[in-house]
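# Breakdown of the fold
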Amino acid sequence: MHLIVFLARKCAHLAEYAMLALLVWRALNQSKNNLTSWSWPKVGGTLLIVFLYAASDEFHQVFVPTRTPAIHDVVIDTIGGAAALLALWLVGRWRKRW
């Protein structure tokens, strides 16, 4: 049972930070109500924001008595963001948007 709960929590981390990455990417790519073409520097900026947010969340857990910070959570969160951006790029290529 412990393994199932552990995996469910880590999958939730992936999903939450994947959504964060998509929202940040969209915010950085807005241009007069139109999404601009794919930009690798903006993808890097998006991943940096996701990473910094994940790191700050783990740092915050230092001060919460019932929580423990973990570096591997930052890695999982960043992988979730990268996976979402990869999926977005693949869909964009498939739909011939970029």
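The text that follows walks through the structure, step by step, so that each part is easy to find. (Residues numbered from 1 in each chain as written. Predicted model: local features only at pLDDT ≥ 70, side-chain atom pairs only at ≥ 80, totals over all residues. Heavy atoms only, no water.)

### Observations concerning the overall build of the protein
Check the secondary structure of the protein and you find 3 helices and 2 strands. N-terminal to C-terminal, the α/β element order of the protein is α-β-β-α-α. Based on the C-alpha atoms only, the size of the protein along its principal axes is roughly 45 × 30 × 20 Å. In the form shown here, the protein has an accessible surface area of approximately 6,900 Å², with 70% of it arising from carbon and sulfur atoms. Here the protein holds 10 positive side-chain charges and 5 negative ones, and the gap between their average locations is 19 Å. (Helix = DSSP H or I, 4+ residues; strand = E, 2+ residues; numbered from the N terminus. Areas by Shrake-Rupley, 256 points an atom, 1.4 Å probe, with all protein chains shown as cover. Lys, Arg positive; Asp, Glu negative; His and termini not counted. Charge placed at Lys NZ, Arg CZ, Asp CG, Glu CD.)

### Some thoughts on the packing of helix 2 (residues 40-60) against helix 3 (residues 71-94)
Where helix 2 meets helix 3, the axes come as close as 9 Å, and the angle between the chain directions of the two elements is 155°. One way to sum up the angle between helix 2 and helix 3 is to call them roughly antiparallel. The chirality of how helix 2 crosses helix 3 is right-handed. Contacts from W40, V43, T46, L47, V50, F51, A54, A55 and E58 of helix 2 reach helix 3 at D73, V74, D77, T78, G81, A82, L85 and W89. (Axes fitted to C-alpha atoms, helices over the stretch in contact; angles between N-to-C directions. Parallel < 35°, antiparallel > 145°, perpendicular 65-115°, else oblique. Left-handed = near helix turned anticlockwise from the far one by under 90°. Contact = heavy atoms within 4.5 Å.)

### What about the pattern of salt bridges?
This structure, assessed with the given rule, holds 1 salt bridge. Across the salt bridge formed by D73 and K10, the nearest N and O atoms sit 2.5 Å from each other. Residue D73 is located in helix 3, and its partner K10 is located in helix 1 (residues 2-28); the two are separated by 63 residues in the primary sequence. Accessibility classification places D73 together with K10 in one group, the buried group. (Salt bridge = Lys/Arg side-chain N within 4 Å of Asp/Glu carboxyl O. Buried < 20%, exposed > 50% of the residue type's maximum accessible area, 1.4 Å probe, protein only.)

### What to know about the environment of F51
Within the secondary structure, F51 is located in helix 2. With 30 residues separating them along the chain, F51 and A21 place their C-alpha atoms 9.7 Å apart. Dropping the residues within four chain positions of it, F51 is found in contact with V74 and T78.

### What about the nonpolar core?
Counting residues in each nonpolar core, the largest one holds 10 residues, listed as Y17, A21, W25, W38, V43, V50, A54, V74, L85 and W98. Elements with a contribution of two residues or more to this core: helix 1, helix 2 and helix 3. Ignoring any residue separated from it by four or fewer positions in sequence, one finds V43 in contact with W25, W38 and L85. (Core = buried A, V, L, I, M, F, W, Y, C linked by side-chain atoms within 4.5 Å.)

### Description of helix 2
The end-to-end C-alpha distance of helix 2, which contains 21 residues, comes to 30 Å, matching closely the 30 Å that a straight helix rising 1.5 Å per residue would cover. For helix 2, every residue scored as buried is listed here: V43, T46, V50, A54 and E58. Viewed along the axis of helix 2, the buried residues span an arc of 105°, placing them on a single side of the element. The exposed residues of helix 2 that point more than 90 degrees off its buried face are P41 and F59. (Expected span 1.5 Å × (residues − 1). Arc of directions from axis to C-beta.)

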